[in-house]
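Listed below, chain by chain, are the residues.
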Amino acid sequence: MLNVYVQTQVRCAGGRADLVVKMPIYVIELKVHGTTQEAMDQIEKNGYTIPYLTDGRKMVKAGGKFSTITKTIMNWLSSGVIHFLLSTFITPFVQKYST
């Protein structure tokens, strides 16, 4: 398989990240009533990436805007070029388990 490890609601000193995918490491925050930039700011402000700084793998931060109407991710903002991963793996995962 893809050897992907996914954790949800991961606790750290500053709060909880919505989703952490270790493949390299993707720290993802989703917003329903906020913006993708607010999601990215929350990752930074609350230190969601701190537990993974010594891991040695590449780390990518992503903020997503979730639509309550379509039940899908409307758009993404990331610290790297990961649109393919997000649209191919993460969005279908969220759609499947968000009902």
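Our structure is the block above this text.
Each chain has its residues counted from 1, running along the sequence as written. Local features in this predicted model are restricted to residues of pLDDT 70 or higher, and side-chain atom pairs are both shown and tallied only at a pLDDT of 80 or more, whereas totals for entire chains, interfaces and linings draw on every residue. Side-chain calculation: all heavy atoms of the structure are included, whereas hydrogens and water are not.

Caption draft 1: Highlighting the sheet that holds strand 3 (residues 25-31). If DSSP finds at least two bridges between two strands, the strands pair. Strands are runs of DSSP state E lasting at least 2 residues, helices are runs of H or I lasting at least 4, and numbering of each runs from the N terminus. An order of 1-2-3-4-5 is seen for the 5 strands of this open sheet, with the pairing classed as mixed. Each edge of the open sheet carries a strand with a single partner, namely strand 1 (5-12) and strand 5 (73-78). Direction aside, the axes of adjacent strands within the sheet are offset by 30 degrees on average. When strand 2 (residues 15-22) meets strand 3, the two strands line up antiparallel, connected through 4 bridges. Its bridge partner lying in strand 3, Val-21 is registered against Tyr-26. Contacts from helix 1 (residues 36-45) reach strand 2, strand 3, strand 4 (59-66) and strand 5, with the element oriented near 140 degrees to strand 4. Fitted lines through C-alpha atoms give the axes, limited to the stretch in contact for helices. The angle between two N-to-C directions lies from 0 to 180 degrees. In what follows, a contact means two residues having at least one pair of non-hydrogen atoms within 4.5 Å.

Caption draft 2: The environment of Val-4, seen in detail. The topology assignment puts Val-4 in the segment before strand 1. According to the relative accessible area criterion, Val-4 is partly exposed, its value standing at 35%. In sequence terms Val-4 and Met-23 are 19 residues apart; their C-alpha atoms lie 5.4 Å from each other. For Val-4, the residues in contact, after removing those within four places along its chain, are Val-21, Lys-22 and Met-23. The buried label goes to any residue with under 20% of its type's maximum accessible area, the exposed label to any with over 50%, and the partly exposed label to all in between, with areas taken from a 1.4 Å probe on protein chains only.

Everything listed here is a matter of geometry and, on its own, says nothing about what the molecule does.
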